[in-house]
Amino acid sequence: MKPKNVFFILVLLVVSSCSPETIINPVETDETSTLFEGLTVVDTTLAIIPQPKTLIAYKGSCDLTSIRNIDIQNESLRPASVYVRTILSEISQQELSTSTGNIKNKQTINLLLEPLSNNTEHYKLEIAPDNISVTGTTPQAVICGLNTLRQIISINGITNSAPSVLPCVALNDQPAFSWRAFMLDVARHFFTKDEICNIIDMMAQLKLNKLHLHLTDDQGWRIPINQYPELIETGWKRLPNDHDKDCINLAKSFPDYQFPSDRWDGTYYFGKYSKSDIQELVAYAAERGIDIIPEIDIPGHSSVAIEAHPEFSCVNGTGWGEEFSYPLCLGNDNVLTYYKNIFDELMILFPSKYIHVGADEADPTNWKSCPKCQARIKNNNLGSVTGLQKWFLSQIEQQIRSKGRKMVVWDDALVSVGSTATVMWWRDWIGINNAVGGAVRQGSEAVITNWDVMYFSGKETDNSLAEIYNLRLYPTNGITEGQKSLVVGIQGSVFTEVTPNISRLNYMIYPRMFALSEKSWYADNTNTEMWTSFKTRLNPWLLYLKSKNIRYRTPNLN
Ligand SMILES: [Zn+2]
């Protein structure tokens, strides 16, 4: 990252009469592209979020309807060329051919690979009068560049009477964090494939690159497992629980809490994905540069599995302890076999490197009195119920790692995992120094989604955007630079106890998603000037959301 270049978008320190060749260090590390030869540089503002690290605007324009060809440097960019077609189909219907090569011809979009830096998402985007070129360190970086192009098209559609005519610009850009994520709980209330695709489209434009789906919980099981069809049969449908009853009561006065009619028949609340729904979601997200990280929550939050198999709990049935539901019996061999098989199937469906196993809020009380659990502790010399959970998670992690994947847990399980697991900090009351500090000190990657700021299920206030923007990212109790680099990113999360429909969900996540985007792109390199600029850049995006009938909360940003 180059902080000194941060403000080019609003402070283009050039006068409109000079040519690119006479500008002092417009982009320090770049040669001036021949694509812009003869064009003068202009002072302009583009409402791009996250703000590109460097941007030069030229006097000139590129009419997208003139594009006739997509040229890919090699086959690894073929998927990106498919995305180009998707993007352009929104604005013009011309036939596009595809060629392979690396010559920047007229009427062409060139997709190119070049080792710009060691950042795997580093890209350059050049929109010239007759050519658009996207160059990236990897195919994923090229998709990042295409997402910026898509943003420019979107915002141009709001601000320009000729939506296909784009301004000429050259951008050089790369993110600070590799983990730029949003999490949606589809277990407590269900969201359809199409609704999630719409969220993916907005995430892609904001260059968020991970969608974490919380697929199972005490209140629902939304994903089919071929070997164990009883799970979805038990968990896809329910009589109203306490949160549902709250929603039903609130819905009498506020439409925000109404159940969609395809999820509620007056008696039952229901919703599930088919395997082909999941495959379509994964492919839709992948085309846009987003991995879907699946979560199956164990050993707590497992009431659906226990309802289907009462013997999977220590007390032969579901129930609640002081705060949390009864967990799985970790002394039962069948439980381990069953979940290894479930995660195997999950990893076939989801190609993501990261597989989330929850491991939050597991009440150990039953384990203390269960003969099977106690026998396991004794026979395996585990010492305590903490050792028991640690043993169980290590068994599951082994299965996940045997497929070349990486296990993610919530910070509750920090003491139960080793350095190979990624830890997600959510319990703000535990503190960043303990949770994130603890994780990186033991060598684990850490992701920040602290409940008080990053849970978008929490009520949004006029301070919410600034709180995200000023989020503290690093522990203060003496971590090394190496440990600091293990903080891999941030995530906005929504648990959906009282978020039963897409209109309400959109209201909760927009515009917070925009602040999340910029913060995840810049990490700690944001400042007051950038915040002021962010507020200005956000305005046209609110108009964009409105034009797409996407509901949002109007922020008071004075
Ligand atoms: Zn037990």
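### Some points on the overall build of the protein
Working step 1: In terms of regular secondary structure, the protein is built from 18 helices and 20 strands.
Working step 2: Taking 2.2 N^0.38 as the reference for a compact globule, 558 residues should give roughly 24 Å; the C-alpha atoms of the protein span a radius of gyration of 25 Å, in line with that estimate.
Working step 3: Counting only C-alpha atoms, the protein reaches 80 × 55 × 50 Å along its principal axes.
Working step 4: Taken over 558 residues, the protein has a buried fraction of 49%.
Working step 5: Look at the contacts in the protein between residues 6 or more apart in sequence, and 72% of them connect residues 24 or more apart.

### Quick look at the packing of helix α2 (residues 139-159) against helix α18 (residues 528-547)
Working step 1: Packing of α2 against α18 brings their axes to within 9 Å, and their N-to-C directions diverge by 85°. Of the possible angle classes, the one that applies to α2 and α18 is roughly perpendicular. Along the contact surface, α2 presents S154, I155, I158 and T159, while α18 presents P540, L543, Y544 and S547.

### Here's the deal with the environment of A181
Working step 1: Here A181 is to be found in strand β9 (residues 179-185).
Working step 2: Assessed through the 27 C-beta atoms surrounding it within 10 Å, A181 is described here as buried.
Working step 3: Setting aside chain neighbours within four positions, we find A181 in contact with L208, K210, L211, H212, G489 and Q491.

### Remarks on the confidence of the model for the protein
Working step 1: On average, residues of the protein score 93 in pLDDT, and 94% of them reach the 70 mark or higher.
Working step 2: For residues 1-30, every residue scores under 50 in pLDDT, and the model assigns this stretch 49 contacts once sequence neighbours within four places are set aside.

### A short note on unusual backbone geometry
Working step 1: Residue P299 is bonded to the preceding I298 through a cis peptide linkage, with omega at -10°.
Working step 2: Here P299 is to be found in the loop between β15 (291-298) and α7 (303-308).
Working step 3: Residue P511 is reached from Y510 by a cis peptide bond, and omega for that bond is 5°.
Working step 4: A positive phi angle, near 55°, is found at Q107, a position not held by glycine.
Working step 5: Along the chain, the position of Q107 falls in the loop between β4 (97-100) and β5 (108-113).

### Looking at the nonpolar core
The tendency in soluble globular proteins is for nonpolar side chains to be buried as a group.
Working step 1: In terms of nonpolar packing, the biggest core is built from 156 residues, with V169, M203, V409 and A446 touching the most fellow members.
Working step 2: At nine residues, the largest contribution of residues to this core is made by α2.
Working step 3: When we break this core down by domain, the ones giving at least three residues each are domain 1 (3-173) and domain 2 (179-530).
Working step 4: With sequence-adjacent residues up to four places away left out, A446 is seen in contact with V423, W425, V436, A439, V440, L486, V487 and V488.

### Examining the sheet that holds strand β16 (residues 354-358)
Working step 1: Taking strand neighbours around the barrel as the criterion, the eight strands line up as β9-β10-β15-β16-β17-β18-β19-β20 in a closed arrangement whose pairing is parallel. The mean inter-strand angle of the sheet, taken between neighbouring strand axes irrespective of direction, is 30°.
Working step 2: The strands touched by helix α17 (residues 512-522) are β9 and β20 (487-494); relative to β20, the strand with the most contacts, the crossing angle is about 175°.

### So, the environment of A359
Working step 1: Inspection of the secondary structure assignment puts A359 in the loop between β16 and α9 (365-369).
Working step 2: Through-space distance from the C-alpha of A359 to that of S416 is 9.1 Å; in sequence the pair is 57 residues apart.
Working step 3: The contacts of A359, once residues within four sequence positions are left out, are I298, L393, V409, W410, D412, A413 and S416.

### Some details on the packing of helix α3 (residues 193-205) against helix α6 (residues 275-287)
Working step 1: As a packed pair, α3 and α6 sit with axes 10 Å apart at the nearest point and diverge in direction by 10°. One way to sum up the angle between α3 and α6 is to call them roughly parallel. Contacts between α3 and α6 involve K193, I196, C197 and I200 from the former and D277, E280, L281, Y284 and A285 from the latter.
Working step 2: When grouped by side-chain class, the residues that make up the contact of α3 with α6 number six nonpolar, no polar and three charged.

### Thoughts on the pairing of strand β6 (residues 123-127)
Working step 1: Burial within β6 is extensive, with five of its five residues counted as buried.
Working step 2: Residues Y123, L125 and I127 of β6 are buried on one face, and the alternating residues K124 and E126, pointing to the opposite face, are buried as well.
Working step 3: Taken together, β6 and the strand that follows it, strand β7 (residues 131-136), pair antiparallel across an intervening segment of three residues.
Working step 4: Taken together, the five bridges between β6 and strand β8 (residues 165-173) define a ladder with antiparallel strand orientation. Counted as the bridge partner of Y123 is D173 from β8.

### Describing helix α8 (residues 333-349)
Because each turn of an α-helix spans 3.6 residues, side chains separated by three or four positions in sequence point in the same direction.
Working step 1: Here α8 is 17 residues long and its end C-alpha atoms lie 25 Å apart, about the 24 Å a rise of 1.5 Å per residue gives.
Working step 2: Those residues of α8 that sit buried are V335, Y339, I342, F343 and L346. One side of α8 holds all its buried residues, which, seen down the axis, span an arc of 95°. With respect to the buried face of α8, the exposed residues turned more than 90 degrees away are D333, N334, T337 and I348.
Working step 3: In this structure, the buried residues of α8 make contact with β15, β16 and α11 (385-402).

### Quick word on the domain arrangement of the protein
Working step 1: Examined at the domain level, the protein breaks down into domain 1 (3-173) and domain 2 (179-530).
Working step 2: Here domain 1 and domain 2 have C-alpha centroids that lie 36 Å from each other.
Working step 3: Listed as interface residues are 17 residues of domain 1 and, on the opposing side, 15 residues of domain 2.
Working step 4: Going through the elements one at a time, α1 (78-89) and α2 are the ones with two or more residues in the side of domain 1 that touches domain 2.
Working step 5: Top contributing element to the side of domain 1 that touches domain 2 by residue count: α2, with seven residues.

### Points about the sheet that holds β6
Working step 1: Reading across the sheet, the eight strands line up as β1-β2-β8-β6-β7-β5-β3-β4 and stay open at both edges, with mixed pairing between neighbours. Every other strand in the sheet has two partners, leaving β1 (41-42) and β4 as the edge strands with one partner each.
Working step 2: Taken together, the five bridges between β6 and β7 define a ladder with antiparallel strand orientation. Bridge pairing links I127 to I132 in β7.
Working step 3: Along the sheet face, α1 touches β3 (69-72), β4 and β5 and points at about 160° away from the line of β3.
Working step 4: Of the strands in this sheet, β5, β6, β7 and β8 touch α2, which is tilted by about 140° from β7.

Calculation rules
- Residues numbered from 1 in each chain as written.
- Predicted model: local features only at pLDDT ≥ 70, side-chain atom pairs only at ≥ 80, totals over all residues.
- Helix = DSSP H or I, 4+ residues; strand = E, 2+ residues; numbered from the N terminus.
- Rg over C-alpha atoms; globule rule 2.2 N^0.38 Å.
- Buried ≥ 20, exposed ≤ 12 C-beta atoms within 10 Å, placed from the backbone.
- Contact = placed C-beta atoms within 7 Å.
- Axes fitted to C-alpha atoms, helices over the stretch in contact; angles between N-to-C directions.
- Parallel < 35°, antiparallel > 145°, perpendicular 65-115°, else oblique.
- pLDDT = per-residue confidence, 0-100.
- Core = buried A, V, L, I, M, F, W, Y, C linked by C-beta atoms within 7 Å.
- Domains from an automatic or database assignment.
- Pairing = 2+ DSSP bridges.
- Nonpolar A, V, L, I, M, F, W, Y, C, P; charged D, E, K, R; others polar.
- Expected span 1.5 Å × (residues − 1).
- Arc of directions from axis to C-beta.

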